[in-house]
Every structure is written in structure tokens, then in C-alpha cells.
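Structure assessment
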Amino acid sequence: MEAPATADAPPAPAEREPTLVVLTGARMGLVHTLQGGGAVLGRSPECEVTLEDDGVSRQHARILVRQGAVEVEDLGSTNGTYVDGTRVAGLVRLQDGSRVRMGNVVLKFAWQDRDALRAHKHMYDMSVRDGLTGLFNRRYFDQRLESEHAFAARHRSALSVLLCDIDHFKKVNDQHGHQAGDAVLRAVATELADRVRTEDVVARFGGEELAIIARGIDVNGTKLFAERMRSIVEKLQIEIDGKVISVTVSVGIAHTHAGPPVSRPEGLVLAADTALYAAKRAGRNRALFAESPGKYSVQKDEARQDSAPQQPPQPERRPPRERAKTEPTMPAQTDEVLRGISQARIRRIQ
């Protein structure tokens, strides 16, 4: 005879929902609810559960939910699917707490009641979202850019970074108050986030500066994309306390297929940053493309010192002499070690 239910008894399986919790990577803590009959997991943005990892196939595995049971099957992925350390062959039933590994991503399967699910999602949003704008925060941007850059470098695919800065934002705060400034920042952030693709990332980079990561768009397409973002903000009418406020943005663009190769993700940010300051020096409300990381260094310095007297142009610095091969630098050695670890960790998808 079954014991009577009490207030402290755990919810029945029928009252809980099957979920996958991301335990590693840029989206650590994200909860995926398995709706309907299940979901396809993979790197493709068309999958119900998208995993941004170089070791995950475009369509890597499938989760099946039927008659209260949850099973996983591999879809012929390159690196395989593992449940609790064992490679999946055929259908494998998941138990509450099972660990599922695909590439470098580890997921935890769990049955969760709705209250726990809401709390879990709220905590995740607090860890990756900016409190004022609702965009992704700087920490998430940095982690995601590192992952996207690693994939783009290995596959020589297109990746771009756009830095957007609201022009004369201080004047908005001075003339209309900081609450109006916050409202303007939220409006611009929402408009940009609504106009990008699902796979793109829009984040608050700092202050009134917003950043966008876009992949798979060629150089010309990225220029058009940046110009469209600029035009959208220019046409935006923000009504606050009966007043209509209009603002513009300056945009700096960097692309993996423009200029010399960038070995680290920080190089893309630097190139976009220098182009952004060049756009401000050129009159603001425009988008400029960084053809090379150092192209706009002089304009950037001047933009940061608007009130300082102009300095004469500095002579072009020659690159340092190449060190003798018998005396390798420490960064080069470190890069070789890191590349070795990365290559040994998992076989990447070609």
C-alpha cells in the first residue's frame, strides 16, 4: 500500500519537467526545457538546443521524451555522445542526474518542478544579463567571443565585432536627467537586440557602449549590417515624460577577413575600438570599418583628447627585429603549449 502524500513529499514525475542544465562553457547554468517529444542538440542555430562548441557537430544528438522516459541517441556526430562516461550506441535512457557530454560541453539531465525551474532560470539571467538594459553582460560577451573566435580561426569562417557608442550621451543626461539617459540606453539596446539574428550576440560593453558579435557574414554584408544598425537608431523616437528624444550612434567594425589575421579575440575588439573612435573623429553618426588593427590609432588618440592641443604626427614605428631562433620569446612558447593542449583535448570538426 502506498504511503499517503504529505506536504514535504517530492513532486511526482508527472508534475516535473525534463531539463538539461549546461555545466560548462559560456552558457554555464543555462536550463533547457525539453518540450513535446524532445529536441535535437547541435551547433546549428536551427537545433532546438544550440551548443556553441567547436567539438559539437551541427546536428549532434537527439533527446526523445515519451511515456515518461527520456532517451538520447547520437546522430552520427564526429566526436560522439557520452552518458556518464560511456559512449552512446543506439538509444540510452537518461536517469535523473545523468551527465551528457558532447564535444567540450557537459549537460546534466534533471527532472525539475516549475518553481525550481523558474528560480534556476532567474539565477542564470542574473549571472549573464545586464540589469539595466537586459542585454548580455561584459563577462558573457568575453566568453562567447573567445568561443566564436576559436571556431572562426580553425574553420577560417567569417566573424565580426561591432562596437556601438551613443553619440553625445552625456548631453542627454545633463539636459534631461539620468533617468531619461537610462531610458534612452534601454530603448537603443532593445531596438538593436530585436533587429539581429538569433545566433548573434548583443551585449552591454560598458557605459553607453554596446557590442555585437555576428558570425557567418562576409565583409560587404557586415558593412551593410552595421549601416542598418546605425540607421535604425537614427530613426528611433524615444518619448519620455512627454518629450521626444532622438540619438545617434557611431559604430566601429572589425572582421576576421579584413586586414592581417588576428590571433586572439582581443585583437578584434581593439580593431573595432580604434575604428569606433575614428568614426567619432569623422563627425559621429557613421560606421567605419577597421581594415587593419592599427589603421585608426592616431584618430583614436585624438578622440580621447578633444580638449588637448593637437600633437604633430608621430613617425611610423618599425616592427622590432625578429629574435634569433635560439632565443624564443615566452609568449611564443606559451602559445605553442596552449595549442598543443587544445589539439589534444578533442578532435575538432573540419
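Heads up: these notes are all about the structure in this document. (Residues numbered from 1 in each chain as written. Predicted model: local features only at pLDDT ≥ 70, side-chain atom pairs only at ≥ 80, totals over all residues. Heavy atoms only, no water.)

**Some thoughts on the sheet that holds strand β9 (residues 92-93)**
Spatially, β4-β3-β5-β6-β9 is the arrangement adopted by the five strands of the open sheet, whose pairing is mixed. Of all the strands in the sheet, the pair left with one neighbour each is β4 (49-50) and β9. Of the strand pairs in this sheet, strand β5 (residues 61-66) and strand β6 (residues 69-74) are connected by six bridges, and their pairing is antiparallel. Bridge pairing in β6 places Ala 61 opposite Asp 74. (Pairing = 2+ DSSP bridges. Helix = DSSP H or I, 4+ residues; strand = E, 2+ residues; numbered from the N terminus.)

**Digging into the pairing of β5**
On a regular strand, one side chain projects to one face of the sheet and the next to the other, so that they alternate. Where strand β3 (residues 38-42) meets β5, four bridges bridge the pair, whose relative direction is antiparallel. By the bridge assignment for β5, Val 40 is matched with Arg 62. Linking β5 back to β6 in an antiparallel pair, the connection comprises two residues, with Gln 67 at a positive phi of about 55 degrees.

**Points about the pattern of salt bridges**
Taken as a whole, this structure holds 19 salt bridges when the rule is applied. The partner of Arg 154 in a salt bridge is Asp 54, with the nearest N and O atoms 3.6 Å apart. Pair noted here: Arg 154 is in helix α2 (residues 138-155) and Asp 54 is in the loop between β4 and β5, with a separation of 100 residues, a long-range link. Look at Asp 54 and you get buried, because its relative accessible area is 8%. Notably, a salt bridge pairs Arg 118 with Asp 115, separated by 2.4 Å at the nearest N-O pair. (Salt bridge = Lys/Arg side-chain N within 4 Å of Asp/Glu carboxyl O. Buried < 20%, exposed > 50% of the residue type's maximum accessible area, 1.4 Å probe, protein only.)

**Quick look at the packing of aromatic side chains**
Scanning the entire structure with this criterion turns up three aromatic pairs. Sitting over the ring of Tyr 82, Arg 101 keeps its end group 4.5 Å from the ring centre. Looking at Arg 138, its charged tip hangs above the ring of Phe 205, at a distance of 3.8 Å from the centre. (Phe/Tyr/Trp six-rings, centres within 6.5 Å; stacked < 30°, edge-to-face > 60°. Lys NZ or Arg CZ within 6 Å of the ring centre and 35° of its normal.)

**Remarks on the environment of Ala 187**
Here Ala 187 lies in helix α4 (residues 178-195). Linking Ala 187 and Val 233, residues 46 residues apart in sequence, is a C-alpha distance of 9.2 Å. With sequence-adjacent residues up to four places away left out, Ala 187 is seen in contact with Leu 236 and Ile 238. (Contact = heavy atoms within 4.5 Å.)

**As for the pairing of strand β11 (residues 105-112)**
With seven of eight residues buried, β11 is to be regarded as a mostly interior element. In this sheet, β11 lies alongside strand β1 (residues 17-22) in antiparallel orientation, the contact comprising six bridges. Within the sheet, the bridge partner assigned to Val 21 lies in β11 and is Lys 108. Bridge count for strand β10 (residues 99-102) against β11 is four bridges, and the pairing is antiparallel. Looking across to β11, one finds that Val 100 is bridged to Leu 107.

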